[in-house]
Amino acid sequence: MRASLGSRLVAEFTEVEPHVPRETVEAARVIARQKTIDVVVAMGGGSAMGVGKGVVAGEGRSLIAIPTTYAGSEMTPVFGTTDRAEHRKSVRRDDAVLPRLAIYDPEVTLDLSPGLTASTGMNALAHCVEACYARDVNPLVPPVALEGIRRIVRALPLCVTNGRNLDAREDLLTGAYLAGFSIANATMALHHGVCHVLGGRTGVAHGVLNSIMLPHVMRFNADAVPDAMSAIADAMDAGARTRDFAAAPRGVAALVATLPVPQRLRDAGVPEGELGSVAAEAAGNSAVQANPKPVTEADLVELLRSAW
């Protein structure tokens, strides 16, 4: 990147942290103002994209994204920042921060660790799943999301087993692109809402929380969106039977069990004492309230305890 940009590269920022603390974004914005930056190039995972979006937000700058994980942020106008003092993550949607250009190169993902491959790949899968049953989903989105599911489920185990498999990396990166596109055109629901609250309160990586929570949230929602669950199971080749609401959640749970990611919230370091406060905050979260099946605080407590 340095060689390609030459004299056009006037500043670098490398202090990216998970969940994008507000002070990190502000530090990068200060540099951008001092150097009169016109374009930001963000290379890395979802947190790098989040900082890049934070730098261009409200400033009229353009963003170029080069993703090295499967988080999908490069395809969405959504970004979040965390208030460390309050342990709270705020998520915003602003079309102005959508990258003008996203460059997908599977070669930059070949050295991604099995753990990060698995967790960010599950993040992509969660985007696809939630887009399939979003309340206001555009009818063009579910077919795209289902194709993303097919590619992710097929390629993710191969990439975890052999990270140098270029064809599998390309397939998984394509699935992540389809996932990012899907969730960008659908309203987030229970899964993303509770994961954002958990991440802000505990600092556990977003992809890890996605891996743990997705099967539980799918089980909760299954009876409310049977057609979507049947389509998801079919895309996963999960052996769905007619009106078998549990086939898709079972398939996702079976996939997670084969991956090098924590299987329970307790394994990820989430304190049991945090579950009640997470449930209380999540109950008021706009994404949770947009879930296709109504969610009470008691439902959230039960869901979190099951995942813990």
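Right above here is the structure, for reference.
Keep in mind the model is a prediction, meaning the values are calculated, not measured.

1. Describing the packing of helix α9 (residues 226–236) against helix α10 (residues 247–257)
Okay, step 1: Relative to each other, α9 and α10 sit at 40 degrees, their axes nearing to 8 Å. Here α9 lies oblique to α10, going by the angle between them. Crossing handedness for the pair α9 and α10: left-handed. Two secondary-structure elements touch here, α9 through M229, I232, A233 and M236 and α10 through A247, A248, P249, G251 and V252.
Okay, step 2: Across the contact of α9 with α10, the residue classes tally to eight nonpolar, one polar and no charged.

2. Description of the packing of aromatic side chains
Okay, step 1: Counted according to the given criterion, the structure contains one aromatic pair.
Okay, step 2: With a centroid separation of 5.7 Å and 70 degrees between ring planes, the pair formed by Y104 and Y177 is classed as edge-to-face. Highlighted residues: Y104 in the loop between β5 (101–102) and α4 (114–132) and Y177 in helix α6 (residues 166–184), separated in sequence by 73 residues.
Okay, step 3: We classify Y177 as partly exposed; its relative accessible area is 34%.

3. Focus on the sheet that holds β5
Okay, step 1: Spatial strand order, β1-β2-β5: three strands in an open sheet with parallel pairing. Edge positions in the sheet fall to β1 (39–44) and β5, since each of these pairs with one other strand and no more.
Okay, step 2: Judged from the two bridges that link them, strand β2 (residues 62–67) and β5 form a sheet pairing that is parallel. Pairing of A65 across the sheet is with A102, part of β5.
Okay, step 3: Each of β1 and β2 is contacted by helix α3 (residues 46–56), which is oriented at about 170 degrees to β1, the strand it contacts most.

4. Some words on empty space enclosed by the protein
Okay, step 1: Going through the model one piece at a time under the given rule, you end up with one cavity of 30 Å³ or more.
Okay, step 2: Taken together, G44, G45, G46, M49, P67, T69, Y70, A71, G72, S73 and E74 make up the full set of residues lining the largest cavity.
Okay, step 3: A class-by-class count of the residues in the lining of the largest cavity yields four nonpolar, six polar and one charged.

Calculation criteria
- Counting restarts for each chain, with residues numbered from 1 along the sequence as it is written.
- Given that the model is predicted, a residue must reach a pLDDT of at least 70 before its local features are reported, and side-chain atom pairs must reach 80 or more before they are shown or counted; all residues, however, enter totals for whole chains, interfaces and linings.
- For side-chain calculations, the full set of non-hydrogen atoms in the structure is used, while hydrogens and water are omitted.
- Axis lines are fitted through C-alpha atoms, for helices just across the contact stretch, and the angle between N-to-C directions can take any value from 0 to 180 degrees.
- Starting at the N terminus, helices and strands are each numbered in turn, a helix being any DSSP run of H or I of at least four residues and a strand any DSSP run of E of at least two.
- Put simply, angles under 35 degrees are roughly parallel, angles over 145 are roughly antiparallel, angles from 65 to 115 are roughly perpendicular, and the rest are oblique.
- The crossing is said to be left-handed when, going from far helix to near helix, the turn is anticlockwise and less than a right angle, and right-handed when the turn is clockwise.
- Contact criterion: two residues are considered in contact whenever any of their non-hydrogen atoms come within 4.5 Å of each other.
- Three classes are used, and their members are as follows: Ala, Val, Leu, Ile, Met, Phe, Trp, Tyr, Cys and Pro are nonpolar, Asp, Glu, Lys and Arg are charged, and the others, Gly among them, are polar.
- Two rings from Phe, Tyr or Trp (for Trp, the six-membered ring) form a pair when their centres are within 6.5 Å of each other. A pair whose planes differ by under 30 degrees is stacked, one over 60 is edge-to-face, and the rest are tilted.
- Exposure categories follow from relative accessible area, calculated using a 1.4 Å probe and restricted to protein chains: below 20% of the type maximum is buried, above 50% is exposed, and the middle band is partly exposed.
- Pairing between strands is defined by DSSP: at least two bridges between the two strands are required.
- The pocket and cavity definitions rest on a 1 Å grid over protein atoms only: a 1.4 Å probe that fits but cannot leave marks a cavity, an open set with protein on both sides within 12 Å along at least five of seven lines marks a pocket, and residues lining either have an atom within 4 Å of a point.
- Grid points are joined across faces, edges and corners, and a volume is the space filled by probe spheres set on the points.

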